[in-house]
Structures are given as C-alpha cells and as structure tokens.
Amino acid sequence: DGDQTSFVIGPLNGSSIEAVRPVAAEKQVVAFTPWGAANKIGDFTFKASHEADEEARAIARKAVADMTLKRLGIVYLQNDFGVVHEAAFRNEVEKLGGELVASEPIPFPAADFRTILTKVKNANPDGLYIVHNGAIVGQITKQAAELGLKAQYFGQYATESSDLVNAGGQSLEGLIYTFPIDEANLSEKQRDFIAKFEAKVGGKPQVAAYNAYDIYSIYVDVLKACKPSDSQCMRDYVMSLESYDGVSGKMVFEEGRLNRNFFFKTIRNGQLVAL
C-alpha cells in the first residue's frame, strides 16, 4: 500500500521491476531491487545489481581476447535480461574479431533444451555463453554433454546457486562465470558478513544476498537523513549517491546506470571457486 509504505526492497526479476516502476512513481514509494541487471535506474526505482550489457562484454573479452576463442555461441532467456545480454555479447565478440555462430533464445519455462542445443552443436562453437539461472544452467550443460556438444562454457552472475552443481554435475567442470565480488581478496567487512550469513542461514551467500544487505544498509543511512514517511526525501537521498562501498563491493551510480567491477569464478572439482 503506497499510502503506508515509503521504501521497498524488491522486486527481484526484470519484468516485475518494470511492472512496479509506474506504481512506485505514482505512489512515491522507493523500490530498490537486489537484481535487475537489465533494468534502468530512475524516478523511484533503483537497483544494486550491475549492468547486464557490461557483464556480457566482460564474458566476450574473456572468451575472445584472453582465451583466443573465435567461434562463439549463446543461449539466452527469452526476456529483456536475455536480449540485452545477447546484443552486447554479439557486438563485443564481433568487435574483437570473433564470430557469433549460434544464437538461440530459450522460452520460459522450459526443461528440455535438446532441440536448441542440437542447433548450437551443428554450428560447432568453441565457446558457449549460457544466460540463465542456477540449476537450469546445470541442466543445459548436462543435456549438452549428452548430445556430445564440446565447448568452453560461460555464464553470468545468476549462474551461481546452491543447486547448480547437483543439477549439472561433471558437465559443469571448467565453466567460467562473472561475479561482482572479488572472493580472492575479501575485505574484513565482507568476511564478517559471510561468517554471519553462514551461521544464520547455513549456506554461502549469493549475489542477491550481498546486494540486499547493502540496500538495507543504505536504508539505515536514509533514515538518518529522512523521516520514515518522507519518500521524496528518501528518493532524493538515493539519487544523490555517487558511490557506495558495501559488502557487495563498490557501486558507482550514474544517470540510469550502476557501474561495478567484474571478477571471474569457475567450477573446479564440483566447487565454485575464484578464477
């Protein structure tokens, strides 16, 4: 209810964020999501997630410039999140002298990817970027392995989940994905957060948990400057932020965008480790 609420953490996915955007503006409620990589910042809607296009370009550079792969493919969610990744990945691959030999959208929901993966296999890529979430990535690599598709796999930050390895098993070995946190060089603040999270939840925090904690921390700061009922003050406070250094790393706010550094992780012996 916009008459009683001034600050909301969420919603979580891109289409929900866009559905909430006009309501948040009309009711003047700050909606601050931990995700939303393909969504813009503006009006009363904010995000703590990085930009999807920057992430896709980082993967392209890793594949083409660093690993000298030339024939790349991509399978991606058939929504705004996936479309933004596909366009940025395609442009960067071609800019770097590579070739995008396969590009296949994945309808949501879907559980059998064999028809799509057969098309990809026939294009013979030496690298495949998988833009999907958690366990689904594992299901895709497992079905790809069953079809005999041999390629270096890449993913993005939503790849990491507690059920990823159970879903994909050995087929995930060597997959490389972007991650906004430098787990090889954690700060004291980050180590403290991880320890408390693991003690309370019993598992390792994923990206949304880091981001949600930072949003809550920003909200605590907001309450020092604004009355709880003054959503316009809250909105102006968040809009005035130039950067924020939290447990999820450093966020640099610009008009409509949120810039963050990217690091890389891989799957080695069934473990998600810093690359």
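Preceding this section is the structure that the text describes.
Quantities reported herein were computed from a predicted structural model and do not represent experimental measurements.

Trainee: Explanation requested: the sheet that holds strand β2 (residues 30-33) in the structure shown.
Mentor: Two modes of strand pairing occur in sheets, parallel and antiparallel, and in both the strands are linked by backbone hydrogen bonds. The strand order across the open sheet formed by three strands is β1-β2-β3, and the pairing between neighbours is parallel. Strands at the two margins of the open sheet, each flanked by one partner only, are β1 (7-9) and β3 (45-47). The sheet shows a mean angle of 20 degrees between the axes of neighbouring strands, taken without regard to direction. Direction of pairing for β2 relative to β3: parallel, over a ladder of three bridges. What sits directly across from Thr33, in β3, is Lys47.

Trainee: Is there a simple way to explain the packing of aromatic side chains in this structure?
Mentor: Within a pair of aromatic rings, the relevant descriptors are the distance that separates the centres and the angle that separates the planes. Applying the stated criterion to the full structure yields nine aromatic pairs. Ring geometry for Trp35 against Tyr157: centres 5.8 Å apart, planes inclined by 75 degrees, an arrangement best described as edge-to-face. A residue pair is termed long-range when its members are at least 10 positions apart, and Trp35 in the loop between β2 and β3 and Tyr157 in the loop between β7 (152-155) and α6 (164-168) qualify at 122 residues. Taken together, a centroid distance of 4.8 Å and an interplanar angle of 45 degrees make the contact between Phe89 and Tyr129 tilted. Linking Phe89 in helix α3 (residues 80-95) with Tyr129 in strand β6 (residues 127-131), this pair joins segments that are 40 residues apart in sequence. The residues Phe89 and Tyr129 share a single accessibility class, namely buried. An aromatic cluster of three or more residues is present, and its members are Phe7, Phe32, Phe46 and Tyr219. The lysine or arginine in question, Arg235, covers the ring of Phe44, its NZ or CZ lying 6.0 Å from the ring centre. When the ring centre of Phe179 is taken as reference, the NZ or CZ atom of Lys265 above it lies at 4.5 Å.

Trainee: Please explain the state of the cysteines as it appears in this structure.
Mentor: Following the criterion strictly, the structure yields one disulfide and no others. The disulfide bridge from Cys226 ends at Cys233, spanning 2.1 Å between sulfur atoms. Because the sign of the S-S torsion sets the handedness, a value of about -75 degrees for the bond joining Cys226 and Cys233 places this disulfide among the left-handed ones.

Trainee: Would you mind going over the sheet that holds strand β10 (residues 249-254) with me for this structure?
Mentor: Here three strands make up an open sheet; going across it, the order is β9-β10-β11 and the pairing antiparallel. Edge positions in the sheet fall to β9 (243-246) and β11 (257-259), since each has one partner strand and no second. Across the sheet, the axes of successive neighbouring strands diverge by a mean angle of 25 degrees, strand direction being ignored. Strand direction decides the pairing type here: β10 and β11, joined by three bridges, are antiparallel. What sits directly across from Glu254, in β11, is Arg257.

Trainee: I would appreciate a short explanation of the side chain of Glu183 in the present structure.
Mentor: Mapping Glu183 onto the fold places it in the loop between β8 (176-179) and α7 (188-201). By relative accessible area, Glu183 is classed as buried at 17%. Looking at Glu183, its side chain comes within polar contact range of the side chain of Lys204, at 3.4 Å. There is a polar contact of 2.8 Å between the side chain of Glu183 and the side chain of Lys265. The residues contacting Glu183, other than those within four sequence positions of it, are Lys204, Tyr210, Lys265 and Ala274.

What counts and how
- Residues numbered from 1 in each chain as written.
- Predicted model: local features only at pLDDT ≥ 70, side-chain atom pairs only at ≥ 80, totals over all residues.
- Heavy atoms only, no water.
- Pairing = 2+ DSSP bridges.
- Helix = DSSP H or I, 4+ residues; strand = E, 2+ residues; numbered from the N terminus.
- Axes fitted to C-alpha atoms, helices over the stretch in contact; angles between N-to-C directions.
- Phe/Tyr/Trp six-rings, centres within 6.5 Å; stacked < 30°, edge-to-face > 60°.
- Buried < 20%, exposed > 50% of the residue type's maximum accessible area, 1.4 Å probe, protein only.
- Lys NZ or Arg CZ within 6 Å of the ring centre and 35° of its normal.
- Disulfide = S-S within 2.5 Å.
- Polar contact = N/O pair within 3.5 Å; in protein donor to acceptor, adjacent residues only side chain to side chain.
- Contact = heavy atoms within 4.5 Å.

The analysis is restricted to geometry; functional conclusions fall outside its scope.
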